[in-house]
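Remarks on the overall topology
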Amino acid sequence: MKKKTTIYDIAKKLNITAATVSRALNNNPNISDATRELVVSTAEKMNYEQNRLALALKSGKSNNVGVVVPRIDSNFFGSVIHGIEEELNKNGYHVIICQTDGIEAKEVANIEALLNSQVDGILISTSSNNAATFDRILKKEVPLVFFDRKKTMKNVSSVTINDFDGGYKATQHLIDTGCKKIAYFSGDINIEIFKDRFLGYKQALIDNKIDFVKDYVVQTKSTIEDGRKAVKKLLKLPSPPDAIFSSSDFAALGAIQELKTKNIKIPNDFSVIGFSNEPFTMFMELSISTIDQFPLEMGRMTAKVFLEQVANSENVKIEKKVVLEPELILRKSTRKLLSKN
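Residues numbered from 1 in each chain as written. Predicted model: local features only at pLDDT ≥ 70, side-chain atom pairs only at ≥ 80, totals over all residues. Heavy atoms only, no water.

Turning to helix 5 (residues 75-89), a few remarks are in order. Since the α-helix turns once every 3.6 residues, residues separated by three or four places project in the same direction. Taking 1.5 Å as the rise per residue, helix 5 with 15 residues should run 21 Å; its terminal C-alpha atoms sit 20 Å apart, in good agreement. Buried residues belonging to helix 5 abut strand 1 (64-69), strand 2 (94-99), strand 3 (121-124), strand 4 (144-147) and helix 13 (295-311). (Helix = DSSP H or I, 4+ residues; strand = E, 2+ residues; numbered from the N terminus. Expected span 1.5 Å × (residues − 1). Contact = heavy atoms within 4.5 Å.)

Printed below as a string of structure tokens:
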């Protein structure tokens, strides 16, 4: 294995001290331009690479930002990351991406690794309620910004959509198209976004004087298989639902697949609406109605909130709550609005 070039190798080559090499590479004003240019050109020829961690420890700035997401294999999180990178890269930052798979222990381990790498900030869509971990970030005076999946904390910024409104709009649309027995695929209600979507669903039922049926609420993961299992469970009820609002497009797709195997006609006999506006929802033969979360804009805004926070160097503990408005996207999996005549 080839030995890495050090500042001592450069110093020996130029017959100067290692301290002079270090100062030249770090743009110390006490070093002449001629010496600096000679050291830099020699370092390039010798393929010298500076130790970024050592520089970060010395300067207190690594120009790296950690981004933590539950999964990277979804268009939503991929688009959020794209928006974050787009905004941060042009401001001189690099992004380190970590995936948790929705596992709290993995999230904690990722955060520890990022802190040990001296990142300048952590942007996270959390899968846990572990306040101690987030407090540790703040105690280290590392800027923390939640996006999408957040935990409400004092002095912590977040960028989300109005999940309550998204849940309400989706449910209201089903009601406006004649559905009366509406089921809900909930996701993990311990996570705020899923709780808010559930509350929006429930409020729409209340406002329209439709009874809330506990058996119609099924907790699902954001997978096709969970959507299929949930529908099987719902169809076994004495009074099965006639519509589903799913907090996940993937679970909505699973529901549709299972309903088709039962020869249930969509949307005439059964309506389904999802959440997130994943690309597949648009391109299927039976396109899926959904709620758009504007992930690219969410990513850009998350990065801007972080940049605003680091610009306020005297206080990393600022609190800014950005809430984007969701949009109802109507497609073939739900009926058309009933005539009001």
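A few words on unusual backbone geometry. Cis geometry marks the peptide bond from Ile-266 to Pro-267, where omega comes out at 5°. Here Pro-267 is to be found in the loop between helix 11 (249-261) and strand 9 (271-273). In the Ramachandran plot, Gln-118 falls in the positive-phi region, its phi being about 60° despite a non-glycine side chain. Residue placement: Gln-118 occurs in the loop between helix 6 (104-116) and strand 3. Its relative accessible area of 29% is what places Gln-118 among the partly exposed residues. For Asn-263, which is not a glycine, the phi torsion comes out positive at approximately 60°. Its location among the elements puts Asn-263 in the loop between helix 11 and strand 9. (Buried < 20%, exposed > 50% of the residue type's maximum accessible area, 1.4 Å probe, protein only.)

What follows covers the environment of Gly-166. Along the chain, Gly-166 turns up in helix 8 (residues 163-176). As a C-alpha pair, Gly-166 and Pro-143 span 23 residues in sequence and 29 Å in three-dimensional space. With residues near it in sequence (within four places) discarded, Gly-166 still touches Phe-275, Ile-291 and Pro-326.

Right, let's talk about the side chain of Thr-126 for a bit. Looking at where Thr-126 falls in the secondary structure, it is placed in the loop between strand 3 and helix 7 (131-139). On the accessibility criterion, Thr-126 (2% relative accessible area) is buried. A polar contact is formed between the side chain of Thr-126 and the backbone nitrogen of Ser-128, at a distance of 3.0 Å. Ignoring anything within four residues of it in the chain, the contact list for Thr-126 reads Glu-107, Phe-134, Phe-146, Arg-149, Lys-150 and Lys-151. (Polar contact = N/O pair within 3.5 Å; in protein donor to acceptor, adjacent residues only side chain to side chain.)

Turning our eyes to something else, we now look at the pairing of strand 4. Regular strands place side chains that alternate from one sheet face to the opposite one. Burial along strand 4 is two-sided: the face carrying Leu-144 and Phe-146 and the face carrying Val-145 and Phe-147 are both buried. One ladder, built from three bridges, connects strand 3 with strand 4; its direction is parallel. Bridged to Leu-123 within strand 4 is Val-145. With three bridges joining them, strand 4 and strand 5 (residues 157-161) adopt parallel strand pairing. Note on strand 5: the bridge partner recorded for Phe-146 is Ser-158. (Pairing = 2+ DSSP bridges.)

Before going further, it helps to spend a moment on the sheet that holds strand 4. Spatially, six strands are ordered 2-1-3-4-5-11 in an open sheet, and the strand pairing comes out parallel. Each end of this open sheet is capped by a strand with a single partner; those strands are strand 2 and strand 11 (321-324). Recorded for the sheet is a direction-independent mean angle of 15° between the axes of neighbouring strands. (Axes fitted to C-alpha atoms, helices over the stretch in contact; angles between N-to-C directions.)

All right, on to the nonpolar core then. One broad rule of soluble globular proteins: the nonpolar side chains tend to lie buried together. In this structure, Leu-88, Leu-123, Phe-147 and Phe-185 are the most contacted members of the largest nonpolar core, which totals 60 residues. Beyond its immediate stretch of four places on either side in the chain, Leu-88 contacts Val-65, Tyr-93, Val-95, Leu-123, Ala-303, Phe-306 and Leu-307. Ranked by size, the runner-up nonpolar core spans 16 residues in total, among them Cys-98, Leu-114, Leu-115 and Ile-137. (Core = buried A, V, L, I, M, F, W, Y, C linked by side-chain atoms within 4.5 Å.)

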